[in-house]
Amino acid sequence: MVADKGKKSKVAEMAEEADSDPIDGDLVLSVEKLQEVQDELEKVNEEASDKVLEVEQKYNEIRRPVYIRRNEIIKTIPDFWLTAFLSHPALCDLLSEEDQKIFKYIKSLDVEDFSDVASGYSITFNVDENPYFEETKLTKTFTFYDEGTTKITGTNIKWKEGTAASNGVNHVKKGNKRPLAEESFFSWFSETHQKDVAELHDEIAELIKEDLWPNPLKYFNNEADEEDSDDDADDEEENGDDDEQDDVEDSD
Amino acid sequence: MGADKGKKLKVAEKLEEKDSESIVEKLFVSVEKLQEIQDELETINEEASDKVLEVEQKFNEIRRPVYDKRTEIIKSIPDFWLTAFLSHPALGDLLTEEDQKIFKHLSSLEVEDFKDVKSGYSITLHFNLNPYFEDTKLTKTFTYADDDGTTKITATSIKWKEGMGIPNGVNHEKKGNKRPASDESFFSWFTDTQEKDHSDIHDEIAEIIKEDLWPNPLTYFNNDADEEDFDEEGTVEEGKDGDDSEEDEDDQEDDDDEDGGEEDGK
């Protein structure tokens, strides 16, 4: 902040007055001492923040290999992330018809903090080769700067011809049991406007990082529970199967 | 032969059934393993929380004597808390005419966490003997219940002296006061003790005092003093009010006070 020209500090003002008035002299001293105490507190607080950050960094390192192991297990559960997304109360509304088909090609989801934890993180979808876009890795990265701004970068998706997302058209089927998004979820990767502290955070990123990523099984199970109670008699109903998709599935 | 064909079909069917059974089995096994990993993560997260809490407890203990020292220094600055309140953008609006007079009898303000930090805290206003109420100590305490996320709130029941602290009582608001005085007494905050659960609006006043005013009241005290000084000198000057209320505690180093008003070297 630029100090206004000619503006004097309160203490300097008081010091001037104090020369003429002994009582004010004591006051000036007290305020100066108070400022020193505040500076002392400042140091203590910074040290505390640093220590807390150390703990968070340490435990992030401990969690990393567990997340990697978790990814391997999730790969053996068909349509895990699709199911988890669809049973998350907020994320489910973000997937269009086409998105749900695309999600079947998702190999894994990865949320990773920068190693110092404080300066940012990234969310990555690893995707098998598919008829929708060229990329096999879609990443959105958030970098926090000291002054409070955030830099956001996202993979520029090269949509293949004929995909709904490339045409900007999304045919919402009537009678679907879930309201489908009209805009593709994947447009989230191209939303990279600079955000400062005052602007709304990237809500989708926060939902994925803070809510879905720590325990996606919770949501995955919700869905499984729902379907089980819908179809008690049907043993073969697997978690990932959705009635809507059967028609359009390519059989191998 | 028809019978052979029939047999083959049956075997094929059985194999298919087995396949789909084993697919389902494998799925169960995977989900079970996934649950184990989630449990493992849970344990790690709890440990991390505990360690963070330890750090906070440790530093709270370090801060305590510094706050005590600060309280003593503040006692030698007349009307410190009154001034700080009045120049806080939100708190300033909460004081009626009468409240402001009462605040002149305030000897100190204290915010103290429970020892374990996580189970609650209290805010205490210490008063000299005064013509408004009998009490010399008004405390509001917030206790967090672990299991259900509710907060129990207790507060001193103020023993007002006769004619004082009447809720809708006559409040002679002087016209032309530079600050709009509130209609309801700030001290009614001590009677608001309804239990809150996590979805209720928090006690905003408590949060402002604890998170904003208490860590560095000097910034607000200085704000107000600057305004008054410049008003007296007839210089048009913008107060730093807006800036400071947005800054973190950590940014207090930006205050001009230390270097005589010159631009910071930051």
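As a starting point, this report considers the structure included with it. (Residues numbered from 1 in each chain as written. Chains lettered and ligands numbered in written order. Predicted model: local features only at pLDDT ≥ 70, side-chain atom pairs only at ≥ 80, totals over all residues. Heavy atoms only, no water.)

Time to look at the overall build of chain A. Looking only at helices and strands, one finds eight helices and four strands in chain A. Classification of the 252 residues of chain A by burial places 44% in the buried group. Within chain A, contacts between residues at least 6 apart in sequence are counted, and of these 58% link residues at least 24 apart. Here chain A displays about 13900 Å² of accessible surface, and carbon together with sulfur accounts for 47% of that area. (Helix = DSSP H or I, 4+ residues; strand = E, 2+ residues; numbered from the N terminus. Buried < 20%, exposed > 50% of the residue type's maximum accessible area, 1.4 Å probe, protein only. Contact = heavy atoms within 4.5 Å. Areas by Shrake-Rupley, 256 points an atom, 1.4 Å probe, with all protein chains shown as cover.)

So, about the overall build of chain B. Of the regular secondary structure elements, chain B holds six helices and four strands. Listed by position from the N terminus, the elements making up chain B come as α-α-α-β-β-β-β-α-α-α. Looking at chain B alone, contacts between residues at least 24 apart form 59% of all its contacts between residues at least 6 apart. Surface accessibility of chain B: about 15700 Å² in total, with carbon and sulfur atoms responsible for 48%.

Let us look at the pattern of salt bridges. For the coordinates displayed, the defined rule picks out 20 salt bridges over all chains. E112(A) is the partner of R64(A) in a salt bridge, and the nearest nitrogen-oxygen pair spans 3.4 Å. Placement of the pair is R64(A) in helix α2 (residues 22-75) and E112(A) in strand β1 (residues 106-113), with a sequence separation of 48 residues. A network of salt bridges, in which partner residues are shared, links R64(B), D68(B), E110(B) and E112(B). (Salt bridge = Lys/Arg side-chain N within 4 Å of Asp/Glu carboxyl O.)

On to helix α4 (residues 204-213) of chain B. Helical geometry note: an α-helix holds 3.6 residues per turn, so side chains three or four residues apart project in the same direction. Turning to α4(B), its buried residues are I205(B), A206(B), I209(B), K210(B) and L213(B). In a view along the axis of α4(B), the buried residues occupy a sector of 125°, so they form one face of it. (Arc of directions from axis to C-beta.)

All right, on to the packing of aromatic side chains then. All names here are of chain A. All chains considered together, the criterion is met by 41 aromatic pairs over all chains. Taking 6.1 Å as the distance between ring centres and 75° as the angle between the ring planes, the aromatic pair formed by W159 and F186 counts as edge-to-face. Placement of W159 in the loop between β4 (150-154) and α5 (164-167) and of F186 in the loop between α5 and α6 (203-212) is noted, with a sequence separation of 27 residues between them. For F186, a relative accessible area of 3% gives the class buried. These aromatic residues form a ring-pair network of at least three members: F85, F103, F125, F133, W159, F185, F186, W188 and F189. (Phe/Tyr/Trp six-rings, centres within 6.5 Å; stacked < 30°, edge-to-face > 60°.)

Residues and elements named next belong to chain A. Taken in spatial order, the four strands of this open sheet run β1-β2-β3-β4, and their pairing is antiparallel. Only two strands of the sheet have a single neighbouring strand rather than two, namely β1 and β4. Between one strand and the next, the sheet's axes are offset by a mean angle of 5°, whatever the strand orientation. Across five bridges, strand β3 (residues 137-144) lies against β4 in antiparallel orientation. Looking across to β4, one finds that T143 is bridged to K151. Where α6 meets the sheet, its contacts fall on β1, β2 (120-127) and β3, and the angle it forms with β2 comes to roughly 90°. (Pairing = 2+ DSSP bridges. Axes fitted to C-alpha atoms, helices over the stretch in contact; angles between N-to-C directions.)

This brings us to the nonpolar core. As a rule of thumb, nonpolar side chains are buried together in soluble globular proteins. Ranked by size, the top nonpolar core spans 55 residues in total, and within it F125(A), F185(A) and I208(A) carry the most contacts. In terms of residues, this core owes the most to one element, helix α1 (residues 2-75) of chain B, which gives 10 residues. If sequence neighbours within four positions are ignored, F185(A) has contacts with F85(A), L94(A), L95(A), D99(A), F103(A), F125(A), I204(A) and I208(A). Listed in part, the 44 residues of the second largest apolar core include I73(B), A84(B), L138(B) and I209(B). (Core = buried A, V, L, I, M, F, W, Y, C linked by side-chain atoms within 4.5 Å.)

The backbone phi angle of V117(A) is positive, close to 70°, even though this residue is not glycine. Relative to the elements of secondary structure, V117(A) occurs in the loop between β1 and β2. V117(A) gets classed as buried once you look at its relative accessible area, which sits at 16%. Even without being a glycine, V117(B) presents a positive backbone phi close to 70°. Looking at where V117(B) falls in the secondary structure, it is placed in the loop between β1 (106-113) and β2 (120-127). Taking the relative accessible area as the measure of exposure, V117(B) reaches 14% and is therefore buried.

Let's shift gears to the pairing of β2(A). All names here are of chain A. For β2, a buried count of seven out of eight residues is recorded, marking the element as mostly surrounded by other parts of the structure. Pairing between β1 and β2: seven bridges, direction antiparallel. Bridge pairing in β2 links E112 to S122. Linking β1 back to β2 in an antiparallel pair, the connection comprises six residues, with V117 at a positive phi of about 70°. Taken together, the seven bridges between β2 and β3 define a ladder with antiparallel strand orientation. When the sheet's bridge partners are listed, S122 is paired in β3 with T141.

It is worth spelling out the pairing of strand β3 (residues 137-144) of chain B at this point. Residue and element names in this part refer to chain B. Where β2 meets β3, seven bridges bridge the pair, whose relative direction is antiparallel. When the sheet's bridge partners are listed, G120 is paired in β3 with T143. What sits between the antiparallel neighbours β3 and strand β4 (residues 151-155) is a turn of six residues, in which G149 has the positive phi angle 70°.

On to a negative patch on the surface, then. Where like charges cluster on the molecular surface, the negative patch consists of E32(B), E36(B), D39(B), E42(B), E46(B), E47(B), D50(B) and E54(B). If you trace the backbone, E47(B) turns up in helix α1. (Patch = residues over 30% accessible without salt bridge, like charges linked within 9 Å, V, L, I, M, F, W, Y side chains within 5 Å. Lys, Arg positive; Asp, Glu negative; His and termini not counted. Charge placed at Lys NZ, Arg CZ, Asp CG, Glu CD.)

A word on the sheet that holds β4(B). Residues and elements named next belong to chain B. Reading across from one edge, β1-β2-β3-β4 is the order of the four strands in this open sheet, with antiparallel pairing throughout. Each end of this open sheet is capped by a strand with a single partner; those strands are β1 and β4. For this sheet, the mean inter-axis angle between neighbouring strands, taken without regard to orientation, is 5°. With seven bridges joining them, β1 and β2 adopt antiparallel strand pairing. When the bridges of β2 are listed, S108 appears paired with H126. Against the sheet, α4 makes contact with β1, β2 and β3, and its axis sits at roughly 85° relative to β2, the strand it touches most.

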